[in-house]
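# Residue-level structure breakdown
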Amino acid sequence: MAASTSARTGNRPPAGWYALCALVGFFVVAFALVLSTGAGGADFGLLVSNFGLCFAAIAAAVACLWRARLFTGRMRWGWALIGLGVLSWGLGQAAACWTQTVLGREVQLPSQADLGYLGMVLLTPIGLLVLPSRTQALAGRVRSVLDGLMVAASLVLMAWIFVVQPLLDAGQSGPLALYVSLAYPLGDVVIVTMVLYMLAQQRRGGRTFNQLALVGAGIGAFAVSDIGYAYLNLLGSYSSGGVTDVGWFTGFSLILVAALMPVRRNDESTEADSGQPVGILLPYVAVLAALFTSVVWYATTGHSNGFVAYTRSVLILLIVGRQLLTLRENRNLTRTLEARVAARTAELFASEQRFKALVQHSSDVVTVVSPEADVLYQSESVQRVFGYPARFLHGRRLAKLLDPESGLRLAQALRQVAGRPYATTVLELTVQHRDGRRRQAEMTITNLLSDPSVAGLVLNTRDISERKELQDQLVHEAYHDALTQLANRALFRERVGDALRNRPDAGEVTVLFLDLDGFKEVNDSLGHLAGDQLLVQVADRLRASVREGDIVARFGGDEFAVLIESDRGGDDAEQVAQRIIDVLEEPFASDSRDIHVQASIGLAAAGMLADGEADGAEQLMRNADLAMYKAKSAGGSGYASYDPEMLSGLVARLELEADLRVALERDQLKLHYQPTVDLGSSEVIGFEALARWMHPTRGLIPPAEFIPIAEATGLIVPLGRWVLREACRQAVEWSNAGDGRPVKMAVNVSVRQFDREDLVDVVAEILAETGMPADQLCLEMTESVLMTDTDDNLEQLVRLKALGVTLAIDDFGTGYSSLAYLRRFPVDTLKIDRSFVERLGALTDDTALADTIVQLGKSLGMATVAEGIEEFGQLAALRDMGCHFAQGYYFSRPVPAAEAGRLFLEGADPRLEIPA
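### So, helix H22 (residues 703-713)
All of the buried residues in H22 are Phe 706, Ile 709 and Ala 710. All buried residues of H22 fall inside an arc of 100° around its axis, so they share one side.

### Examining the pattern of salt bridges
All chains considered together, the criterion is met by 22 salt bridges. Linking Arg 725 and Glu 769 is a salt bridge whose minimum nitrogen-to-oxygen distance equals 3.3 Å. Here Arg 725 is found in helix H23 (residues 716-737), whereas its partner Glu 769 is found in helix H25 (residues 759-770), with 44 residues between them in sequence. The residue Lys 831 makes a salt bridge to Glu 867 at a minimum N-O spacing of 3.3 Å. Taken together, the residues Lys 831 in strand E17 (residues 829-832) and Glu 867 in the loop between strand E18 (863-866) and helix H31 (872-881) connect sequence positions 36 residues apart. Each member of the pair, Lys 831 as well as Glu 867, is classed as buried. Residues participating in the shared-partner salt-bridge network are Glu 688, Glu 780, Lys 831 and Glu 867.

### Some details on helix H16 (residues 489-501)
Side chains of residues three or four places apart in an α-helix project in the same direction, reflecting 3.6 residues per turn. Between the first and last C-alpha of H16 there are 18 Å, a value that for 13 residues agrees with the 18 Å anticipated at 1.5 Å per step. Residues of H16 that are buried: Leu 491, Phe 492, Val 496, Gly 497 and Ala 499. In this structure, the buried residues of H16 make contact with helix H15 (465-479), strand E6 (508-517), strand E7 (551-556), strand E8 (559-566) and helix H20 (616-633). Here H16 starts with a cap whose side-chain oxygen sits 3.3 Å from the backbone nitrogen of Ala 490, and that cap is Asn 488.

### Some points on the sheet that holds E7
Ordered in space as E7-E8-E6-E9-E10, the five strands form an open sheet in which the pairing is mixed. Each edge of the open sheet carries a strand with a single partner, namely E7 and strand E10 (638-641). In this sheet, adjacent strand axes meet at a mean angle of 20° when their direction is disregarded. Pairing analysis gives four bridges linking strand E9 (residues 598-605) to E10, with the strands arranged parallel. Residue pairing for E10: Leu 603 is matched across the bridge by Ser 641. H20 contacts E6, E7, E9 and E10 of the sheet and is inclined by roughly 140° relative to E9.

### Section: the packing of aromatic side chains
For the coordinates displayed, the defined rule picks out 10 aromatic pairs. With 5.8 Å between their ring centres and 70° between their planes, Phe 26 and Phe 27 make a pair best called edge-to-face. Given a relative accessible area of 53%, Phe 26 falls into the exposed group. Judged by centre distance (5.5 Å) and plane angle (70°), the rings of Phe 492 and Phe 555 are edge-to-face.

### Some remarks on unusual backbone geometry
At Ala 373, a residue that is not glycine, the phi angle is positive and equals roughly 75°. A positive phi is found at Tyr 422, a non-glycine position, where the angle reads about 65°. With respect to the element layout, Tyr 422 can be found in the loop between helix H14 (404-418) and strand E3 (424-432).

### With respect to a nonpolar patch on the surface
A cluster of nonpolar side chains, namely Ile 316, Val 320, Leu 324 and Leu 327, defines an oily patch on the protein surface of about 400 Å² accessible area. Tracing the sequence through the fold places Ile 316 in helix H11 (residues 306-360). For Ile 316, a relative accessible area of 51% translates into the label exposed.

### A closer look at the pairing of strand E12 (residues 683-695)
Within E12, 10 of the 13 residues are buried, leaving the element largely enclosed by the surrounding structure. Pairing of strand E11 (residues 669-678) with E12 involves 10 bridges; the strand directions are antiparallel. Counted as the bridge partner of Lys 670 is Arg 692 from E12. As consecutive antiparallel partners, E11 and E12 are separated by four residues, and within that stretch Ser 682 has a phi angle of approximately 60°, a positive value. Pairing between E12 and strand E14 (residues 744-748): three bridges, direction parallel. Within E14, the position partnered with Phe 687 by the bridge is Met 745. Direction of pairing for E12 relative to strand E13 (residues 699-701): antiparallel, over a ladder of three bridges. Paired with Met 694 across the two strands is Leu 700, which belongs to E13. As consecutive antiparallel partners, E12 and E13 are separated by three residues.

### Some points on the nonpolar core
Counting 80 residues, the largest nonpolar core has Met 745 and Leu 777 as its most contacted members. Of the residues forming this core, the biggest block, 10 residues, is contributed by H23. Excluding residues within four positions of it along the chain, Met 745 makes contact with Tyr 673, Phe 687, Ala 689, Ala 727, Ala 731, Trp 734, Met 772, Gln 776, Leu 777 and Cys 778. By size, the runner-up hydrophobic cluster in this structure holds 39 residues, among which are Leu 53, Cys 64, Leu 131 and Leu 214.

### Regarding the packing of helix H17 (residues 519-526) against helix H18 (residues 528-545)
Axis separation between H17 and H18 bottoms out at 6 Å; the angle between their running directions is 140°. Considered as vectors, H17 and H18 are oriented oblique to each other. Here Phe 519, Val 522, Asn 523 and Leu 526 of H17 come into contact with H18, specifically with His 528, Ala 530, Gly 531, Leu 534 and Leu 535. By residue class, the composition of the contact of H17 with H18 is six nonpolar, three polar and no charged.

What counts, and at which threshold
Residues numbered from 1 in each chain as written. Predicted model: local features only at pLDDT ≥ 70, side-chain atom pairs only at ≥ 80, totals over all residues. Heavy atoms only, no water. Buried < 20%, exposed > 50% of the residue type's maximum accessible area, 1.4 Å probe, protein only. Helix = DSSP H or I, 4+ residues; strand = E, 2+ residues; numbered from the N terminus. Arc of directions from axis to C-beta. Salt bridge = Lys/Arg side-chain N within 4 Å of Asp/Glu carboxyl O. Expected span 1.5 Å × (residues − 1). Contact = heavy atoms within 4.5 Å. Polar contact = N/O pair within 3.5 Å; in protein donor to acceptor, adjacent residues only side chain to side chain. Pairing = 2+ DSSP bridges. Axes fitted to C-alpha atoms, helices over the stretch in contact; angles between N-to-C directions. Phe/Tyr/Trp six-rings, centres within 6.5 Å; stacked < 30°, edge-to-face > 60°. Patch = residues over 30% accessible without salt bridge, like charges linked within 9 Å, V, L, I, M, F, W, Y side chains within 5 Å. Areas by Shrake-Rupley, 256 points an atom, 1.4 Å probe, with all protein chains shown as cover. Core = buried A, V, L, I, M, F, W, Y, C linked by side-chain atoms within 4.5 Å. Parallel < 35°, antiparallel > 145°, perpendicular 65-115°, else oblique. Nonpolar A, V, L, I, M, F, W, Y, C, P; charged D, E, K, R; others polar.

Dropping the structure here:
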């Protein structure tokens, strides 16, 4: 709305201009009152008239010249000539004032002042003609001049008849004085005519309409005074300072206001020609009026006059000239139209030829048929696309050239669109190529029966056989495994869904989920190419192992699935599973050697699905996956059927995982401490920190349940960080309470923690934060740390050792570490697994193994710690072997911090006293 308001008010003059108009109006009224009332006497009125007119003329001239400098081109010259004309009148008036006021003589007619007055009559019309108006050709401008001259001559003729001739008949003035006095009103008539004609051309929206209107009004006022002046001069009764002078003053005032009107932004723009000029009839009306006036004058006076005759001759010449100009314009227009018609005809012919060439060489086959499918037109492209010459099809019934099904569909489509003008439809048909090949075609039918240039049904046909083949290929690739060409997961899931929806009442749908055992070792040892070859051979054996209607799919990696539909329940599925296991027992040939792989298979029957399962296919596949993991956990090379308890266990595991996350956030975990005893001094030298979880609803959860979940989910990292910080804090607290007696604190570190590059930084930060001496902290790890990512873990261990901490291998003897690894890694302590300790005291292989580990530790300069001591005999045997430290229920179970602190500070348990 603001923008539109601005647009409406942007061209309005400012308030200052209206104030100027009011001031000028005040002077005009004052000037008129002085001259009309005779206030101040005749001399005062003469003085006001002479100097007022002189000042008004010069002020208007200065305003016009100032306005001219704001423009360029014709606008500048137009206003400059108007200003010079007004200035000429002002100089003439100044000469008259000098003669009358200074020299004290009467101004004669004619005199030197008349040269200035006549300058305005000459220059002002030229300036109006120079002002730009509508954009016109040369002929249009000449026509406008002729129209103006016709109007001016008509007005002059009427003025002569009604004004001049009566005065001449009276004989009251000399010829020269008469002609000079008459030049003014006649010149004013010409100027007013020009202004009116320009206003008629511009209409209300012209860019100089307001200024021209004011100038025209000023010249009109001027003409009134000039006519009075001429009339009074003819009568010999004119005297300066009379009411006649008011018109001149008013005229100059209006010109002044017009020149000072603010300039609009588009004043220099060229106006577009909006059609025929509004004043096209105005010249003829003026001529008719003048001729009618002259005829009446001749009829009433009965004698002729030379001026009237000459003027009528001029009017006739002007009319003839205008008509000749019109004839020339019409002739040029006719030639232009003929040229345009010829050019348009040539263009249409070229367009027709271009369209014909495009149709003939288009990749589409264009055919025009009747509603009965009779071929009315056939493009030549049909031979290139389908092998038939165009003349072969012309006049034939197209539906009969197609196979029966395609012909029937085409006839139905033609009937469908024939009753609706410009209707379209698209269908796919089978078209037989002339060489006998069957091609797929897409046909667009458009009803142009109502178009007289076509008068038929237009068929645009294109061969889409290659596109259909590509689509089929893409669909196949989207639903099949690229390596084995078996169905992929997406297609398998769709087929399972279809089987569930179409399952008969007595039938069964079973999904077998298969995972190869040991496939990763094949990839790692023989390379991925050998692995791919193995997968292809497995896929071939799976196809051979199942029935014809069963679906075999590969989900990715070494995972396969089989969909079995049977009428006898699950027996068929188990037979297929056993057959798969048997065929996979046979070795697979490779380029280097035979490969042996086995498979773990999970079976899930649709009958085990719970009622109301939202997505039965997905649930059935999930159940088979769970059963497969059950078979794999049983040792592989077998199959297991799904049991609902498997899902319950999975759900319980997921719930436990979520609760563990909450427990870490809410500090629900606590540490228990199991003492470590020095077998030489029988003293408690330290503890092993063990995490315990007191669930708010399930009670105490054993570490064997939640630690594997933490390992699998990565929660072991924040859990291990918390255990390390709390254990170090507690050890420092006990050491301070025992007067600085050192406390050795052992903390387990997971393989997942070793995978993180910030492990050493975390340990260093916690040592600095708690004030724990580095040599009192023992980090325990399993042998798997030594076997995975050897170089990276070695770097981590070296950096930890540089901190000063002690490193121990937990559960030593149950893994696969070699002596080379033990010598390479900076390990300080070996912890003998409880499985070797529990049968000590009798002469068994375990006794020999435990003794070997103790001796191995001594030879490598490592301390040994025995775990799981529960009897005195085990303790005595380890002491005899030379084992350094011991842990077990014989001394103490893992206990809370308060009780563990009492064991450390008081040493009250009598079982710690070990007999010599």
